[in-house]
Amino acid sequence: MTSLIEKHAPRTHDEKHRIRSKVQRREHLTGWLFVGPFGVVFLAFLIAPLAYALYLSLFQKKLIGGTSFVLFDNYVKAFTDPSFLSGAWFVVRFALIAIPVQIAVALAMALILDAVTSLFTRFSRLMIFLPYAIPTVIGAVMWGFLYSRSFGPLSDVFGLFGATAPDFLSSNLIFYGLLNIVTWQWAGYYMIILYAALQGIDPTLYEAARMDGAGRWQVARRIKIPLIAPALILILVFSLIGTLQFFNEPQFLRYLAAGTIGSDFTPNMYAYQQAFGLANFNYGSAISFALGGLVFICVYAFLFFTRKRRSFL
Amino acid sequence: MKTTRILATVAMLAAASGLVACSSDGGGSDASNCTNTITKQDLPVVTMWAWYPNMQLVVDNFNKLNDEVQVCWTNVGQGGDQYDKFQTAISAGTGAPDLVMVEMDRIPTFQIQNALVDISGYGLDAVRANYGEGAWKDVSVGDAVYGVPVDGGPLAMIYRKDIFDKYGITPPKTWAEYEQAAQKVKDAGGPLFGDLGANVPALMMALQIQKGAAPFTYDPAQPESIGVRLNDQASKDVLEYWGGLVRKGLVGTQDQFTPEYISGVINGNYATYISAAWAPGYLTGAGVGQGQDTGTFAVAPLPQWDPNNPVQVNWGGSAFSVTSQSKKPELAAKAAYGLYADEESLTDGWTNQIIFPLNLTALNNPEFVDLKVAFFDGQQANKDVYVPAANAYQGVVYSPFGQYYFDAMTKQISAMSAGSITGSQAADRLQEDVTKHATEQGFTVR
């Protein structure tokens, strides 16, 4: 009997193990099946194109001489190409101005909507958010017409004061023209994120602060803003990535002002032009990857410097 | 369990094959997406991209008259938009239609990529006599012919009679007179005299050629060698001249073909419009010269540098080319010979100034020559201006990297208009930029 037990014990253990691993395997498989559809799409539409673009970027195709493997020559060219560098410098400069402006506007509106409760709060919230619901292409075209000096409203407004309207599509003012469009489009969206974060704050904190004698301004500055810092960082990262990949707005304003907005205005536009205008897919891919590197460095640096404050990134 | 797994696998495979199926259809070679309706269903069909405003009528006429092949036409965009799509199809090796409309200055750009078919082996001799020598030259690279000419773009000066009358000006015969007239209008508080659009580099190229510039020399027998002369004295002079007009506030710097520019033309913000013979049709389509503006426009020959040795130049003008992706090049060539070559289509084209026809049956037609053009208030524009200009046109050698050259030119004109560089500097930078590109593309620049 003992021997029997002794004989059996390990087998039982073995069997249990076998059963468990069978169950585990089955669970694994079920897991994979659930992830499967996503995985296929992810591989087919993100990883595979990325890999293919990387592969393309290592070649050079010449009109005379055909295609040859050049390793990183395209990247060397990109980082010495004045078109790419000036485009990259433009989006970095644009990010440095546009992001603080957008976030300041969004934060101010979120704080006001959070503090003031009236009949118009919901309506205002919807109105401020509305530009985000308009496709960027339509937004850009619409602003292009609003900026027009011959049939836009600007000339009428400035005409009232006897001044000539500024041309926001000229090379001097295009920066501000685009700044306005981007802020108009995105501030409402960021406002909603911040507003949601504000709504998540425990109201007892306000009560406690008020008992300690804090005014509205102090509550906003000392309690609300620090508590929504993670949301602020989130939208900063969103806007940083979005701005560095600037494409839609300038690309469509280009139909109205091709002289001001060159085909190499931003790195993404330059990549598009190289690939689809000049059939230089290899260099276009290299520019895209170089831009990806730039975005990564900027976002990483930003997250590194704000690492204490973030919670969900 | 097993059945579920099998089902899941099957479902996934089906999804994956669906993706594959998605990626392989579409494109220009698909004959089921025609804008026109093909009535003779049993005939073979060739596909085509073109953007002439009356193309629907042209295709319908062709299909009605032809019993051998039918054309399935779509408009995938005008000019640059279509070239981007065609270029992508060339790079992809699939997706191009059998026939494309191309402006003649783009033919070498596509030809060097082997994207176009030499049609001289497909019964070209039967239609050779229908077009002049100059027209054939513009669609040829060496001895090979890469398109059937349709329309030309002889340049002239369109002007507003009301503005000219108001300020007491007669049409300038030389560029010096053009500047003087501009100054006179400005001094009297009048509108701008013209416009230098950075987005129409092909026009600037034509104006430089008029002064004697020869931007490119290219012999297809030696495809790796190209001559690039973008900063010779003539090129610099013309850029300096226009840069000077901008600096003195005599002409605008508005991009052309934009709503802003068209509304400026309608408002009478520009006294002249240096443009090609197809411009009146384009302007009419955009709503210019209607209502109270009816009959305000007239046309005069292009101002000259040396009135004793006038030079006529061209802007635009298109051809129908057979693509090398076509599986029916012979049928496609036949369609190219017949499209826009029947009397009804041609007459519709020239009466509405959509095209300045290169087909000699139209060009030599007295009705065409003597036409009293409504847009020009009954002026016999063809007889007075466009036909002589077209007859004097000599043809040009275009570059095999037209898109790059035009982009680079746009950049320099824009910088010049902003006042940051002079015309000479613009020419020098353009030369440097294009030479660098040519070298990178493997050419030896002479």
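Parameters and conventions
- Residues numbered from 1 in each chain as written.
- Chains lettered and ligands numbered in written order.
- Predicted model: local features only at pLDDT ≥ 70, side-chain atom pairs only at ≥ 80, totals over all residues.
- UniProt positions renumbered as here; feature names shortened; annotations may be inferred.
- Helix = DSSP H or I, 4+ residues; strand = E, 2+ residues; numbered from the N terminus.
- Contact = placed C-beta atoms within 7 Å.
- Nonpolar A, V, L, I, M, F, W, Y, C, P; charged D, E, K, R; others polar.
- Pairing = 2+ DSSP bridges.
- Core = buried A, V, L, I, M, F, W, Y, C linked by C-beta atoms within 7 Å.
- Buried ≥ 20, exposed ≤ 12 C-beta atoms within 10 Å, placed from the backbone.
- Domains from an automatic or database assignment.

Peer 1: Would you mind showing me how to read the UniProt feature "transmembrane region" (unreviewed entry) in chain A here?
Peer 2: Residue and element names in this part refer to chain A. Per the UniProt record, "transmembrane region" (unreviewed entry) is annotated on residues 29-55, 90-113, 125-146, 173-198, 225-247 and 286-305. Secondary structure content for residues 29-55 is 100% helix and 0% strand, and the end C-alpha separation is 32 Å. Helix makes up 100% of residues 286-305 and strand makes up 0%, while its end C-alpha atoms are separated by 29 Å.

Peer 1: Explanation requested: the UniProt feature "domain: ABC transmembrane type-1" (unreviewed entry) in chain A in the structure shown.
Peer 2: The positions that UniProt labels "domain: ABC transmembrane type-1" (unreviewed entry) are, in the present scheme, residues 88-304 of chain A. End C-alpha to end C-alpha, residues 88-304 of chain A measures 22 Å, and it is 76% helix and 0% strand.

Peer 1: Just to check I follow, could you spell out the interface of chain B and chain A for this structure?
Peer 2: Many analyses report the size of an interface as the accessible area lost when the parts associate. With 36 residues of chain B at the interface, the matching set in chain A holds 25 residues. At eight residues, the largest contribution of residues to the side of chain B that touches chain A is made by helix α18 (residues 402-417) of chain B. Within the side of chain B that touches chain A, the residues separate by chemical class into 15 nonpolar, 15 polar and six charged.

Peer 1: Honestly, the sheet that holds strand β3 (residues 99-103) of chain B in this entry has me stumped. Any pointers?
Peer 2: Backbone-to-backbone hydrogen bonds pair the strands of a sheet. The strands run either parallel or antiparallel. Residue and element names in this part refer to chain B. Pairing is mixed across the open sheet formed by five strands, whose spatial order is β2-β1-β3-β15-β6. The outermost strands of the open sheet, each flanked by one partner alone, are β2 (70-74) and β6 (148-149). Here five bridges tie β3 to strand β15 (residues 318-322), and the two strands are oriented antiparallel to one another. Paired with Glu 103 across the strands is Ser 318, a residue of β15.

Peer 1: So what exactly am I meant to see when it comes to the nonpolar core here?
Peer 2: The nonpolar side chains of a soluble globular protein tend to be buried with one another. Ala 110 and Leu 194 of chain A together with Ile 107, Ala 156, Ala 335 and Ala 336 of chain B are the most contacted members of the largest nonpolar core, which has 197 residues in total. With residues near it in sequence (within four places) discarded, Ala 156 of chain B still touches Ala 277, Val 299, Ala 300, Pro 301, Leu 302, Val 385, Tyr 386 and Ala 389 of chain B.

Peer 1: How should I be thinking about the domain arrangement of chain A in this particular structure?
Peer 2: Along its sequence, chain A is carved into domain 1 (2-56) and domain 2 (76-305). Computed over C-alpha atoms, the centres of domain 1 of chain A and domain 2 of chain A are 45 Å apart.

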